[in-house]
Each structure stands twice: as structure tokens, then as C-alpha cells.
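As a plain string of letters, each chain reads:
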Amino acid sequence: MPVAYPETDTEQIVARDHQYVVRNYGRYPLVVSRADGVYLYGEDGRKYLDFVSGIGVMALGHSHPRVVSAIADQIGTLVHCSNLYYHPLQGEVAQLLSELSGLQRTFFCNSGAEAVEAALKIAKGYGRARDSAKTEIVALEESFGGRTLGAISVTGQPKYRAPFEPVIPGVRFIAPNDLGALEAAVGDQTAGIVFEPILGEGGIIEISAEFAALARRLATKHDALLICDEVQCGMGRTGQAFAFQHWGADFLPDVITLAKPLAAGLPIGAVVCSEAAAAVLAPGMHGSTFGGGALACRVAREFLGMLPELMPHVREVSAYFRARLADLATNHDFVNRQRGRGLMVGLELNIPGGGFVPRAQELGLLMNCTAGNILRFLPPFVIEREHVDEAIAVLAEAFRQGPPDGAG
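Each chain carries its own residue numbering, running from 1 in the written order of its sequence. In keeping with the model being predicted, local features are shown solely for residues with a pLDDT of at least 70 and side-chain atom pairs are shown and tallied solely at 80 or more, while totals for entire chains, interfaces and linings include all residues. No hydrogens and no water enter the side-chain calculation; it runs on all heavy atoms of the structure.

On to the overall build of the protein chain. Strands are runs of DSSP state E lasting at least 2 residues, helices are runs of H or I lasting at least 4, and numbering of each runs from the N terminus. When its secondary structure is counted, the protein chain shows 13 helices and 17 strands. The size measure is the radius of gyration over C-alpha atoms, and the globule rule it meets is 2.2 Å times the number of residues to the 0.38 power. Expected size for 408 residues packed as a compact globule is a radius of gyration near 22 Å; at 22 Å, the protein chain falls within 12% of this value. Dimensions of the protein chain, computed from the C-alpha atoms along their principal axes, are close to 60 × 55 × 50 Å. Exposure is judged per residue with a 1.4 Å probe applied to protein chains only, and the accessible area is read against the type maximum: over 50% gives exposed, under 20% gives buried, and values in between give partly exposed. Per-residue burial for the protein chain yields a buried fraction of 53% across its 408 residues. Throughout, a contact is declared for two residues whenever any of their heavy atoms are within 4.5 Å. Of the contacts made within the protein chain by residues no fewer than 6 positions apart, 71% connect residues no fewer than 24 positions apart. Of the accessible surface of the protein chain, which amounts to about 18,000 Å², a share of 53% is contributed by carbon and sulfur atoms. Within the protein chain, the 44 negative side-chain charges are centred at a point lying 3 Å from the centre of the 34 positive side-chain charges. Calculation of accessible area relied on Shrake-Rupley with a 1.4 Å probe; when residues are assessed, cover is drawn exclusively from the protein chains displayed. Only four residue types enter the charge count, namely Lys and Arg as positive and Asp and Glu as negative; His and the chain termini do not. Where a charge lies is defined by one atom per residue type: Lys uses NZ, Arg uses CZ, Asp uses CG and Glu uses CD.

Listed below in C-alpha cells is the structure:
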């Protein structure tokens, strides 16, 4: 029997989605028709300032001319050839990542969750090569590794793990920045220690330099791999190429997982690692059909080429954003403090924050809420002060209306 759709385009799009797409996303009532720069446009023509940027993906904004040009050129040359053969772009991107990180080798995949999966296989393979019992992983409470079975196994939020248990065993969770718990958890059976330098989904929780340094010492002492999950906080978002670089020139993990901004909107993931870690993956032990394809790598090369010039701008505009947020906070007693670094910003409220998200959307600003009371902002790196002022004006109006129903 034919489906009877509503008359308007927007209603038809939503109705078709509801009927045929798996209902695993809680979507906001917005149908996006196009995007340009730092703005998204709805089917109704309304413009929205995008301070979500595809959950940290669109670091260069939308339709950046250098990205558009790179895609147009590459798509008529080579899109995919499989990893049975070489193409020049994989090695070029890997070299750039090596030069930025100080590590030696890169494995390419398609997403952050896949990068975490590969990192876990590397850690377990590294451990078992030394002792068959050396398979444990130490991870953090409130962390988020991704949605695959392996990635949720190191995700420190039971709401993600419980529906799919039993997950991969042998993971010990400790509280972020708890030095005593870290020292107690790591031992000779530890294969890897994994954490985000800034926990994104967990509420923009920044890992201290002291905790990171202890993790590095313990990993070295027990011959385990130290894994920095920079899927959300990496690639310039904090004002450095990698968030771990805020801990000083002497700090270096064994493995870094990357994804979101690396190909400026195209799917890509990467594991950057030391020679010792990379040696675990002999031919045939791991792979990815689409990983490191020519099109994604071409855009990643373009992004990485722009990154050095972007980072000073990220530092400058983020300082302005934080100053404006601090001024705004003084007028509202339900705002506690800011969290994060660079353009990975959390605004901690002492009331539930979810109700402010649709209110801000109605006023023309896209953001989201994580951990229940943290308003999260992940704007494109290319925002200017005028865009910060626009966002602050919306937030001021959203806050002026008082706590949303049920938030007080």
C-alpha cells in the first residue's frame, strides 16, 4: 500500500526517516538542506550558527573552498583502489602525522571507533607477545571510546555498556585524575592504559598533567602501551596539533587515536603509533577495506597543510570566546564554570542543561548538552569574533528566559 506523506517537504523528509531509518538517534526538529561557512540552513531557509560542527568534524566549516577544490580534483582522478596496492596520498598523510606527533607510523581506518578498536588490538597483541596473561586495559570512568563492541568495552559509562553485556573483559575503570587509583590499577598484567586528554562525551573533563605523567611512568615501568584517545580533542581543536602536547615536550604516548576533523567532513580514522606498537600488526592481522582511501587522504592532506596556520587563530578566537562566556556567566547564578581548552568548550551549569539546546536552536544557534548539565561547544576552527558575538547574544537571550521547564 502506498505511503501517504504529509504535504510539505520538511514533513515528508521527517516522515520518511521515521518510517525507514533505524530509530537509534534522538534527533532535533531540524532538516538541514545545505551549509556554507559556519552556518547550516534548514529546509525552511532559516540560518543556524553551527557550534556543533558535526560533533567536532567540520573543523574548516562547510564548503571550504580548498576542500571543495581538493575533492573536485581527486574525485576525477582516483577515489579508491583498495589496500592491496599503493597510492601516494596515504604515505604523505602518514608522514605529516608523524612529523606533527613525534611517532613513527599510522594505520588508517574510517572512524574514531575503528581507531579505538585497532588501538585495543595493538595493546592486547603487544601484551600477549610478552606474557599470555598480559591483556588488561586500564580506562577511565565517564570516558567514551565509541559505539562498537570493543570501543564500548573501554567506555566508562554503564548506560552504553549494559545493554550489550557481556562486553570484552579485562578492563579496569578508574576515576579521571585519581593518582592513587591509577597506581593501584596498573600492573604487570596491564597491556594498555587508554584515556582522552579531554573527555568529550563525559562532560569536557580535562586530564591533569600530573595524571598523564604518572600514566606515562607506569606504562613504561610495566611495559604497557599508553594510548591517548584524541578522536574529539585532537588535530588542533585545543590550539595544539594534539591535546597531549599541552603536557610538555617530554610527554609522548605510544599510540594516538584520531578521526573527527582529519578529513574535514569525509570519513577517516587513524592510529598513530610508535615502531614497537606498529610491529604488532604484521600483514593480515588487521585491515580496513575503505581505510586510507585516496579521496579521504587527499582532503586530510589539505587539512593538515592548513593546520599550522589555523592553530594560532584557534588560540586567539577561543580566548575571546571564553572571555565572553565568563562575562555572560556573571549574570546567571545557574552557571558554574567553564571547562576544556581551545575550541573544545564546556559550560557547566548547576541545573540540567538539555532544555537550553532546543531554545538556542530556535534562536539560531546549534550546540548540544553532554553529561546532563554541560553545554558543549565544538565550533569550526574558522569562526571569527563576530560569530562568537552572535553565539553569545543567543545564549544571553536563552539564559534571560530562565531555566527551561523541569530544569530548576
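Right, picking up where we left off after that structure.
In this section: the environment of Pro-65. Residue placement: Pro-65 occurs in helix α3 (residues 65–75). For the pair Pro-65 and Leu-365, spaced 300 residues apart in sequence, the C-alpha to C-alpha distance is 24 Å.

A helix is expected to span 1.5 Å for every residue after the first. In this model, helix α13 (residues 385–400) (16 residues) spans 22 Å end to end at C-alpha, consistent with the 22 Å of a helix rising 1.5 Å per residue. Buried within α13 we find His-387, Val-388, Ala-391, Ile-392, Val-394, Leu-395, Ala-398 and Phe-399. Looking down the long axis of α13, one finds its buried residues gathered within 160 degrees of arc, a one-sided arrangement. In α13, the exposed positions that point more than 90 degrees away from the buried face belong to Glu-386 and Arg-400. Just downstream of α13, Gly-402 is the residue with a positive phi angle, here 85 degrees. The arc refers to the directions leading from the helix axis to the C-beta atoms.

Note on terminology: a nonpolar core comprises buried Ala, Val, Leu, Ile, Met, Phe, Trp, Tyr and Cys residues joined through side-chain atoms within 4.5 Å. With 85 residues, the main nonpolar core has Leu-97, Leu-182, Phe-195 and Phe-303 as its most contacted residues. Counting residues per element, this core draws most heavily on helix α11 (residues 294–329), at 17 residues. Beyond its immediate sequence surroundings of up to four residues, Leu-182 is in contact with Val-138, Ile-174, Ile-193, Phe-211, Leu-214, Ala-215 and Leu-218. Of all hydrophobic cores here, the second largest spans 25 residues; its members include Cys-109, Ala-119, Leu-225 and Val-271.

With that out of the way, let us pick up the layout of surface pockets. In this structure, the largest pocket spans a volume of roughly 1,700 Å³. Definitions used throughout: a 1 Å grid over protein atoms alone; a cavity as a set of points that fits a 1.4 Å probe which cannot get out; a pocket as an open set with protein on both sides within 12 Å along at least five of seven lines; a lining residue as one with an atom within 4 Å of a point. As for the largest pocket, its lining consists of 45 residues, of which Tyr-25, Val-52, Gly-54, Ile-55 and Lys-260 are closest to the centre. At the level of elements, α2 (53–56), α5 (112–128), α12 (356–363), β15 (365–366) and β16 (368–370) are the ones that each hand at least two residues to the lining of the largest pocket. Within the lining of the largest pocket, the residues separate by chemical class into 23 nonpolar, 14 polar and 8 charged. Quantified by volume, the second largest pocket comes out at close to 910 Å³. Lining of the second largest pocket is provided by 28 residues; of these, Asn-83, Gln-90, Thr-106, Phe-107 and Phe-108 occupy positions nearest its centre. Counting only elements with at least two residues in the lining of the second largest pocket, the list comes to α4 (88–101), β4 (105–109) and α10 (275–278). Of the residues assigned to the lining of the second largest pocket, the class counts are 14 nonpolar, 12 polar and 2 charged. Grid points are joined across faces, edges and corners, and a volume is the space filled by probe spheres set on the points. Polarity classes work like this: nonpolar for Ala, Val, Leu, Ile, Met, Phe, Trp, Tyr, Cys and Pro, charged for Asp, Glu, Lys and Arg, and polar for all others, with Gly in that last group.

Let us look at the pattern of salt bridges. Each salt bridge in this description consists of a side-chain nitrogen of Lys or Arg and a carboxyl oxygen of Asp or Glu lying within 4 Å of one another. Taken as a whole, this structure holds 17 salt bridges when the rule is applied. Among the ionic pairs, Glu-275 bridges to Arg-105, the shortest N-O distance being 2.7 Å. One end of the pair, Glu-275, is in helix α10; the other, Arg-105, is in strand β4, and 170 residues separate them in sequence. Since its relative accessible area comes to 39%, Glu-275 is described here as partly exposed. Glu-206 is paired through a salt bridge with Arg-341; the nearest N and O atoms lie 2.3 Å apart. Of this pair, Glu-206 sits in strand β9 (residues 205–206) while Arg-341 sits in strand β13 (residues 335–341), and the two are 135 residues apart along the sequence. You can call Glu-206 partly exposed: its relative accessible area is 30%.

Our next topic: the state of the cysteines. Any cysteine sulfur atom paired with another within 2.5 Å is treated as part of a disulfide. Per the counting criterion, the structure on display carries 0 disulfides. Cysteine Cys-228 shares no disulfide, and the gap to the nearest cysteine sulfur, in Cys-233, comes to 7.9 Å. Using a relative accessible area of 0% as the deciding quantity, one classes Cys-228 as buried.

Counting buried positions along β4 gives 4 out of 5 residues, so the element sits mostly inside the fold. Two strands qualify as a pair provided that DSSP identifies no fewer than 2 bridges between them. In this structure, β4 lies alongside strand β12 (residues 269–273), joined through 5 bridges in antiparallel fashion. Following the sheet pairing, Phe-108 is matched in β12 by Ala-270.

On to empty space enclosed by the protein, then. On inspection of all chains with the given rule, the structure shows 4 cavities of 30 Å³ or more. The volume enclosed by the largest cavity comes to roughly 70 Å³. Sorting the residues of the lining of the largest cavity by element identifies β5 (136–140) and β7 (190–195) as the ones contributing at least two each. Looking at the lining of the largest cavity, its residues break down into 7 nonpolar, 2 polar and 2 charged.

A few words now on the sheet that holds strand β1 (residues 32–36). Within a sheet, each strand pairs with its neighbour through backbone hydrogen bonds, oriented either parallel or antiparallel. If you walk across this open sheet you meet the 4 strands as β1-β2-β3-β15, and the pairing is mixed. If you trace the sheet from one side to the other, it starts and ends with β1 and β15, each paired once. Pairing analysis gives 4 bridges linking β1 to strand β2 (residues 39–42), with the strands arranged antiparallel. Following the sheet pairing, Arg-34 is matched in β2 by Tyr-41.

Further remarks concern the packing of aromatic side chains. Side-chain rings of Phe, Tyr and Trp, where Trp is taken by its six-membered ring, are said to pair if the distance between their centres is within 6.5 Å; with planes under 30 degrees apart they count as stacked, over 60 as edge-to-face, and otherwise as tilted. Scanning the model with the defined rule gives 12 aromatic pairs in all. Consider the rings of Trp-247 and Phe-251, whose centres lie 4.9 Å apart with planes at 75 degrees: the pair is edge-to-face. One exposure class covers both Trp-247 and Phe-251, and it is buried. Here Phe-334 and Phe-399 contribute two aromatic rings whose centre-to-centre distance is 5.3 Å and whose plane-to-plane angle is 90 degrees, an arrangement assigned as edge-to-face. Of this pair, Phe-334 sits in the loop between α11 and β13 while Phe-399 sits in helix α13, and the two are 65 residues apart along the sequence. Taking relative accessible area as the criterion, Phe-399 reaches 2% and is therefore assigned buried. Aromatic rings pair up to connect Phe-195, Phe-211, Phe-242, Phe-244, Trp-247 and Phe-251 into one cluster. Here, a charge over a ring means that NZ of Lys or CZ of Arg falls within 6 Å of the ring centre while also lying within 35 degrees of the ring normal. Residue placement shows Arg-34 over the ring face of Tyr-41; its charged tip is 3.9 Å from the ring centre. Geometry around Tyr-39 places Lys-47 over its ring, the cationic atom sitting 4.4 Å from the centre.

Shape is all these values report; function is a separate question.
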